[in-house]
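Each chain, letter by letter, is given below.
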Amino acid sequence: MNKNKWIEYALSQGMESVEIYQSLSTQKEITWFSGQMDTFVSSHVLGTMIRGIVDGNMASMALEDTDDDKMEEVISSLIKQAKTVTTKEKDSLRKPEKTEEVVKEKEFVKPSMDQIKQTLELIEKKCLAYDPRVIQVSYLSFEEATGTREITNSYGVQVYDEDKMNAVGCSVAVSQNDEIKDDALVKVVYDLEKFDVDAYVKELCDKALSKLNATSLKSGSYPVIFEKDAMTSLFASFVGLFSGDLIFKGISPLKGKENTKIFSDKITIIDNPRNLEALTIANYDDEGCPTKEKVLVDKGVFSSMLHDTKSALRMHAESTGNGFKSGYASNVGVSPMNCYIQPGDKSLDELCQDMQEGLVITELAGLHAGIDFVTTNFSLQCSGYYVKSGKRDHSVSLITVAGNFLEMMNDVKAVANDLEWEYKQLVTPSIAFNACAISGE
């Protein structure tokens, strides 16, 4: 695809501006089952989207075939689409902006096929030998993935980002007294030769085994700690509260609350696509806008919202560099990246010691059906363990936790120090709350 040729032709046909977005993803995954390699899958996907503006109206088209002989047909179709748009709002593409790019210093070491096979074989053997209650390694894989994004437009924007990941993933099934439970664990691996297989197997198997012999709880109000993974799941369901698009539309209950206290002063929330501690960084969003660090909540005070170009124009603001796509063929929307709740000073064990007696929630289910985003009410199935005298006592399941997210985030007792990025782009540490409503027996 001759991008300059496409852009020049689009402009000659009456387009005010045009953008070509391309993403390339390559992936190699090896799965292992019952002592041997089960599958080997590789993929190489190049995706292209063209956006163009005519009379202030935007039209876009995703392409599989980017041969230059398709140029006239595609541009003609885009112009026709743009002329059918009836909205009074005008769209725009980004113009070049100066920025200092950041670069991750930590590099992935490419393993040999023999290294991968030996590691997967060792993980399977050690899982099955870890405890007689581990009855099966249900899934085991090693994945290498690379993704690139390139944005070129008629204003002279030409930006590029790349990210990589190597990861081990495994799930095990455990059984006792006719009860079967399972759990899974994914770990990013920078150097397979230095990967601690024993620590990985212990963490995975202990997680699965801890689910056995779980009991319910009597309904009531309990001191509750949301362990980091459960808290991350809940926070992810409500992070759209900070979207400038949803605030403008009145869908987010934070409309009109900027610079007011919305959470406990123990809560600070930061969004930073350039955070070098995260697995993936982005110097630019999917519109070519330079990214930057934003403090969304500063010690409980709602201090800033997230914008892409369109939501910023609507609210007479500047884009925060949060215009991202869910895939090359999707439209740009406001989205956080490398967003996190700032950790505190204490470990999860110390939070349990401080709580003395109460519930630690480690898993949430029903996140799509059990949440009302507008009111921030939620009612979710959950599981975890009960704490007595500051120590883990027994596993708990078949219960429901209910509450209001905004109210709950004003009832924070303490924030832990166990923030862990791994492969995620949105994370929180474990958080202790004074009380939550639990439905059980």
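What you see is a predicted model, and the numbers here were worked out from it, not measured in a lab. (Residues numbered from 1 in each chain as written. Predicted model: local features only at pLDDT ≥ 70, side-chain atom pairs only at ≥ 80, totals over all residues. Heavy atoms only, no water.)

Things to note about the overall build of the protein
Threshold: What counts as a helix is a DSSP run of H or I of at least four residues, what counts as a strand is a run of E of at least two, and both are numbered from the N terminus. The globule rule is 2.2 Å times the number of residues to the power 0.38, and the radius of gyration it is compared with is taken over C-alpha atoms. Note on classification: 1.4 Å probe, protein chains only; a residue is buried when its accessible area is under 20% of the maximum for its type, exposed when over 50%, partly exposed between these limits. Contacts are assigned to residue pairs that have any heavy atoms within 4.5 Å of one another.
Across its full length, the protein carries 9 helices and 20 strands. Radius of gyration (C-alpha) of the protein: 25 Å, near the 22 Å computed for a compact globule of 441 residues. Across the 441 residues of the protein, 50% fall into the buried class. Considering only intrachain contacts with a sequence separation of at least 6, the fraction spanning at least 24 residues in the protein is 71%.

Side note on the pattern of salt bridges
Our working rule: The term salt bridge refers to a side-chain nitrogen of Lys or Arg lying within 4 Å of a carboxyl oxygen of Asp or Glu.
Scanning the model with the defined rule gives 26 salt bridges in all. In this structure, a network of salt bridges that share partners links the residues Glu89, Asp245, Lys249 and Arg314.

Details of the environment of Gly52
Inspection of the secondary structure puts Gly52 in strand 2 (residues 36–54). For Gly52, a relative accessible area of 0% corresponds to the buried category. In the structure, Gly52 is positioned 145 residues away from Val197 in sequence and 51 Å away in space, judged by C-alpha atoms. Setting aside residues up to four positions removed in sequence, Gly52 forms contacts with Met15, Ser17, Val18, Asn57, Met58 and Ala59.

Description of the domain arrangement of the protein
Note the threshold: Domain segmentation is taken from an automatic or database assignment of domains. Two parts placed together each lose some accessible area under a 1.4 Å probe, and adding up what both lose gives the buried area.
What the domain assignment reports for the protein is domain 1 (3–26 + 39–84), domain 2 (113–211), domain 3 (220–235 + 343–439) and domain 4 (240–341). Taken together, the contact pairs 15 residues of domain 1 with 13 residues of domain 2. Carbon and sulfur atoms supply 48% of the area buried between domain 1 and domain 2, which totals about 1100 Å² over both sides. Between the two partners, domain 1 and domain 2, sit 1 salt bridge.

A word on the side chain of Ser304
The line we're drawing: We define a polar contact as two N or O atoms separated by no more than 3.5 Å, with the added condition that, inside protein, one atom must be a possible hydrogen donor and the other a possible acceptor, whereas residues neighbouring each other in sequence contribute only through side-chain atom pairs.
Mapping Ser304 onto the fold places it in the loop between strand 10 (301–302) and helix 7 (309–314). For Ser304, the side chain forms a polar contact with the main-chain oxygen of Val295, separated by 2.7 Å. Setting aside chain neighbours within four positions, we find Ser304 in contact with Glu258, Lys294, Val295 and Leu296.

Some points on the nonpolar core
Which entries qualify depends on this criterion: For our purposes a nonpolar core is just a set of buried Ala, Val, Leu, Ile, Met, Phe, Trp, Tyr and Cys residues, chained together by side-chain atoms within 4.5 Å.
Core analysis: the biggest nonpolar cluster contains 49 residues, and Phe226, Leu234, Phe242, Phe263, Ile269, Val401 and Phe405 have the highest contact counts within it. Ranked by the residues each element gives to this core, the list is headed by helix 5 (residues 228–238), at 5 residues. For this core, the domains that each give at least three residues are domain 3 (220–235 + 343–439) and domain 4 (240–341). Among all residues touching Phe242, those that are not within four sequence positions of it are Phe235, Ile247, Leu254, Ile262, Phe263, Ile269, Leu296, Val297, Phe302, Met305 and Leu306.

Regarding the packing of aromatic side chains
Test applied: By convention, a stacked pair of Phe, Tyr or Trp rings (six-membered ring in the case of Trp) has centres within 6.5 Å and planes under 30 degrees apart, an edge-to-face pair has planes over 60 apart, and any other such pair is tilted. Two limits define a charge over a ring: the Lys NZ or Arg CZ must be within 6 Å of the ring centre, and within 35 degrees of the ring normal.
Per the stated rule, a full pass over the model turns up 10 aromatic pairs. Judged by centre distance (6.0 Å) and plane angle (90°), the ring pair of Phe263 and Phe405 falls under edge-to-face. In this pair, Phe263 is assigned in the loop between helix 6 (244–248) and strand 8 (269–271) and Phe405 in helix 9 (residues 405–408), connecting sequence segments 142 residues apart. In this pair, the class of Phe263 matches that of Phe405, namely buried. One cation-aromatic arrangement involves Lys106 over Tyr190; the distance from NZ or CZ to the ring centre is 4.4 Å. Positioned above the aromatic ring of Tyr21, the side-chain terminus of Lys325 is 4.8 Å from the ring centre.

A few points about the layout of surface pockets
Applied cut-off: Only protein atoms enter the 1 Å grid used here, on which a cavity is any set of points holding a 1.4 Å probe that cannot leave and a pocket is any open set flanked by protein within 12 Å on both sides along at least five of seven lines; residues with an atom within 4 Å of a point are listed as lining. Grid points are joined across faces, edges and corners, and a volume is the space filled by probe spheres set on the points.
Quantified by volume, the largest pocket comes out at close to 1200 Å³. Around the largest pocket sit 38 residues that line it, and Asp183, Lys207, Glu227, Asp229 and Thr362 are the ones nearest its centre. Looking at the lining of the largest pocket, the elements that each hand over two or more residues are strand 6 (179–188), helix 4 (197–209), helix 5, strand 14 (358–365), strand 16 (377–388) and strand 17 (391–404). Tallying contributions element by element places strand 6 first for the lining of the largest pocket, with 7 residues. Of the domains in this structure, domain 2 (113–211) and domain 3 (220–235 + 343–439) are the two that each give at least three residues to the lining of the largest pocket. Its boundaries defined by the atoms lining it, the second largest pocket holds a volume of some 820 Å³.

Some remarks on unusual backbone geometry
Across the chain, the bulk of peptide bonds are trans and the bulk of non-glycine residues have phi less than zero. Located in the positive-phi region is Asp178, a residue other than glycine, with phi close to 70°. Residue Thr376 is not a glycine yet carries a positive backbone phi of 65°. Note on placement: Thr376 falls in the loop between strand 15 (371–372) and strand 16. The buried category is assigned to Thr376, whose relative accessible area is 0%.

Points about the UniProt feature "domain: Metalloprotease TldD/E N-terminal" (unreviewed entry) in the protein
Stated precisely, the cut-off is as follows: UniProt positions are given in the numbering used here, feature names are shortened, and annotations may be inferred rather than shown by experiment.
Taking the UniProt record as the reference, the feature "domain: Metalloprotease TldD/E N-terminal" (unreviewed entry) is found at residues 18–82. From the first C-alpha to the last, residues 18–82 spans 12 Å; its make-up is 18% helix and 65% strand.

A short note on the sheet that holds strand 13 (residues 339–341)
Using the following cut-off: By definition, two strands form a pair when at least two bridges between them are found by DSSP.
The strand order across the open sheet built from 5 strands is 10-9-8-13-19, with neighbouring strands paired in mixed fashion. Bordering the open sheet on either side are strand 10 and strand 19 (426–427), each of which pairs with just one other strand. The pairing of strand 8 with strand 13 spans 3 bridges and is antiparallel. Counted as the bridge partner of Ile269 is Ile341 from strand 13.

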